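# Topology and contacts: notes
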Amino acid sequence: MCTDASKSHFHISIAGTSNLRSFSFQISSIFTAEALAICQAIDDLSVPGSDLLILTDNFSVLQALKNLSIKSPKAILRLAHKILMRAKLNQKIALV
């Protein structure tokens, strides 16, 4: 599956797609959009019992996950929680 966020003069959008499903939404900031696109991909595009490989071009989201703290943005905390919950179900998630 893959996710992306894009910004125009008028709005910011996120989208994700897999071989089974896709989604798209409008969001307020590009950083939040990238993090929420990955969250949405985990929720909407994953196949139960299968590991996930999520391709993203947002280095700042990956860095924020590596430097997680109580002061991290809500979208990053939400994403980290989703990854942790999937790990507890023995579903591996790789973000590249």
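What counts and how
- Residues numbered from 1 in each chain as written.
- Predicted model: local features only at pLDDT ≥ 70, side-chain atom pairs only at ≥ 80, totals over all residues.
- Heavy atoms only, no water.
- Core = buried A, V, L, I, M, F, W, Y, C linked by side-chain atoms within 4.5 Å.
- Buried < 20%, exposed > 50% of the residue type's maximum accessible area, 1.4 Å probe, protein only.
- Helix = DSSP H or I, 4+ residues; strand = E, 2+ residues; numbered from the N terminus.
- Contact = heavy atoms within 4.5 Å.
- Pairing = 2+ DSSP bridges.
- Axes fitted to C-alpha atoms, helices over the stretch in contact; angles between N-to-C directions.

Going by an unreviewed UniProt entry, the chain carries the name RNase H type-1 domain-containing protein and comes from Araneus ventricosus.

## Quick word on the nonpolar core
Grouped together as the largest cluster of nonpolar side chains are 23 residues, with contacts concentrated most on Ile14, Ile38, Ile42, Ile54, Val61, Ile76 and Leu79. Those elements that provide at least two residues to this core are β2 (12–17), α1 (30–44), β4 (52–54), α2 (59–66) and α3 (74–88). Per-element accounting of this core gives the leading share, 8 residues, to α1.

## As for the environment of Gly16
Position of Gly16 relative to the elements: it lies in strand β2. Judged by relative accessible area, which is 6%, Gly16 ranks as buried. Along the sequence, Gly16 and Thr56 sit 40 residues apart, while their C-alpha atoms lie 10 Å from each other. Not counting the four nearest positions on each side in its chain, Gly16 is found in contact with Cys2, Thr3, Arg21, Ser22, Phe23 and Leu45.

## A word on the sheet that holds strand β3 (residues 22–27)
Taking strand neighbours across the sheet as the criterion, the 3 strands line up as β1-β2-β3 in an open arrangement whose pairing is antiparallel. Of all the strands in the sheet, the pair left with one neighbour each is β1 (2–7) and β3. The average undirected angle you get between the axes of adjacent strands in this sheet is 15°. Two strands pair when backbone bridges link them, and β1 and β2 are joined in this way by 6 bridges, in the antiparallel orientation. Within β2, the position partnered with Ala5 by the bridge is Ile14. Strand contacts of α1: β1, β2 and β3, with the helix running at about 150° to β1, the strand carrying the most contacts.

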